[in-house]
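# Chains, contacts and geometry: an overview
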Amino acid sequence: MTSASPVLEVRHLSKTFWEKDGLLRRAGNRAVQDVGFTIAAGETFGIVGESGCGKSTVARLVMGLEKPDAGEVLFHGQRIDGLPERRLRPLRPRFQMVFQDSGSSLNGRKRVRDILAGPMIWHGVVPRGGAQARIDELLDMVGLPRGAQARYPHEFSGGQRQRICIARALSLNPELIILDEPVSALDVSVQAQILNLLRDLQARLGVSYLFIGHGLGAVRYISHRIAVMYRGRIVETAASEELFAHPAHPYTRALLDAVPSTDWNRRGRARIVLRGEAYGSGWDDGCAFRGRCPCADAACARAACELSPIDGDGHLSRCARAGDGPERS
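Below: a short report on this structure. (Residues numbered from 1 in each chain as written. Predicted model: local features only at pLDDT ≥ 70, side-chain atom pairs only at ≥ 80, totals over all residues. Heavy atoms only, no water.)

Below, the discussion takes up the overall build of the chain. Counting secondary structure elements, the chain contains ten helices and twelve strands. Counting only residues that meet the buried cut, the chain has 47% of its 329 residues in that class. The long-range fraction of contacts in the chain, counting pairs at least 24 apart against all pairs at least 6 apart in sequence, stands at 65%. Carbon together with sulfur atoms contributes 49% to the accessible area of the chain, which is approximately 16000 Å² in total. (Helix = DSSP H or I, 4+ residues; strand = E, 2+ residues; numbered from the N terminus. Buried < 20%, exposed > 50% of the residue type's maximum accessible area, 1.4 Å probe, protein only. Contact = heavy atoms within 4.5 Å. Areas by Shrake-Rupley, 256 points an atom, 1.4 Å probe, with all protein chains shown as cover.)

Structure, rendered in structure tokens:
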């Protein structure tokens, strides 16, 4: 799970979306602010947070579907965020994306064989007319019968369509796959099947994942390391088990406290309860979470709130009072 250099490195990534009214520019929405992380070969890096926190925008910036206002995206040490499309196109087979909505991301007018063969032929992975063996192999890998290649996407269930999307991503032999909430639209039992499939494929192929999600259980199950995002910034990051065992930021702890527990003995424990909504589109001085945080005081409005080390290897938190408040037991 380690390598001399990371497969993906993101540095100080920022993106603001401006609302326009005719020729007048109004306030912007700072969707991503100063986000940075690395992903090693064979590693899964998870990003979790509420809807609107910027995690899907990070995925789109990494893929080059949006242009960042600031920061860098490096793939094997090569900066790719500023490359023109003609120079980026030869690199695209090496990093692929699986979207949340499998129905809209598949061409409903094409059979599965054409959906899988098209990218391989376009990028020269297989010669024209020589894709059949690879299509059979891909369907075997994702657990679909070979006869499925003659059918159209609407003839499959949601979980089966997501398997087709995974097969399409794998068809170009990528080193990195960005998974943007790939199981959130599926039933719980189907979610488990897809997550197990992704883990098996990673063990077999050594592919790296950037896994975006808001389901804590799914993110924990598949990720080696996790970043928690709030209002466009990473507020905490740590190894998966470390984060769940010793959450340092109040927002992380509030997310974990919101998960129902089957342990009767833990039902009376002290909790952090989120109240209100994330408001505002900017990132002013101090901690942006202070309006919803039970641990906040006057100093939180002035604190620099940079990501700082916490006890534990690689455990970082953006909180001046990390570890204060109710204990998790």
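Next comes the rest of the account.
Turning our attention to the layout of surface pockets. As a volume, the largest pocket reaches approximately 390 Å³. In this structure, the largest pocket is lined by 20 residues; those nearest its centre are Gly36, Phe37, Arg225, Thr237 and Leu316. Take the lining of the largest pocket: its biggest share by element is five residues, from strand E2 (residues 24–39). The space that makes up the second largest pocket amounts to roughly 330 Å³. Every residue lining the second largest pocket is counted, 15 residues in all, and those nearest its centre are Met63, Arg92, Gln96, Met97 and Phe99. Taken together, the elements giving at least two residues each to the lining of the second largest pocket come down to strand E6 (95–98) and helix H6 (158–170). In terms of residue class, the lining of the second largest pocket is made up of nine nonpolar, two polar and four charged. (1 Å grid on protein atoms, 1.4 Å probe; cavity = no way out; pocket = protein on both sides within 12 Å on 5 of 7 lines; lining within 4 Å. Points joined across faces, edges and corners; volume = space filled by probe spheres on them. Nonpolar A, V, L, I, M, F, W, Y, C, P; charged D, E, K, R; others polar.)

Moving on to the sheet that holds strand E10 (residues 233–239). Spatial ordering of the open sheet is given by E6-E7-E8-E3-E9-E10-E12-E11, a layout of eight strands whose pairing is mixed. Of all strands in the sheet, those bounded by a partner on one side alone are E6 and strand E11 (308–309). In terms of strand pairing, strand E7 (residues 176–180) meets strand E8 (residues 208–213) through five bridges, oriented parallel. Bridged to Asp180 within E8 is Ile212. Docked against the sheet, H6 engages E6 and E7, running at close to 170 degrees with respect to E6. (Pairing = 2+ DSSP bridges. Axes fitted to C-alpha atoms, helices over the stretch in contact; angles between N-to-C directions.)

Right, let's get into the packing of aromatic side chains. Applying the stated criterion across every chain yields a total of five aromatic pairs. Aromatic side chains Phe75 and Phe95 sit 5.2 Å apart centroid to centroid with 55 degrees between the ring planes, which places their arrangement in the tilted category. With a gap of 20 residues between them, Phe75 in strand E4 (residues 70–75) and Phe95 in strand E6 connect regions that are remote in the sequence. Given the relative accessible area of 3%, Phe75 is considered buried. A network of ring pairs unites the aromatic residues Tyr230, Tyr251 and Phe289 as a single cluster. Note that Arg151 overlies the ring of Phe156, its terminal NZ or CZ placed 4.2 Å from the centroid. Here the basic side chain of Arg199 rests over the ring of Tyr221, its NZ or CZ set 4.3 Å away from the ring centre. (Phe/Tyr/Trp six-rings, centres within 6.5 Å; stacked < 30°, edge-to-face > 60°. Lys NZ or Arg CZ within 6 Å of the ring centre and 35° of its normal.)

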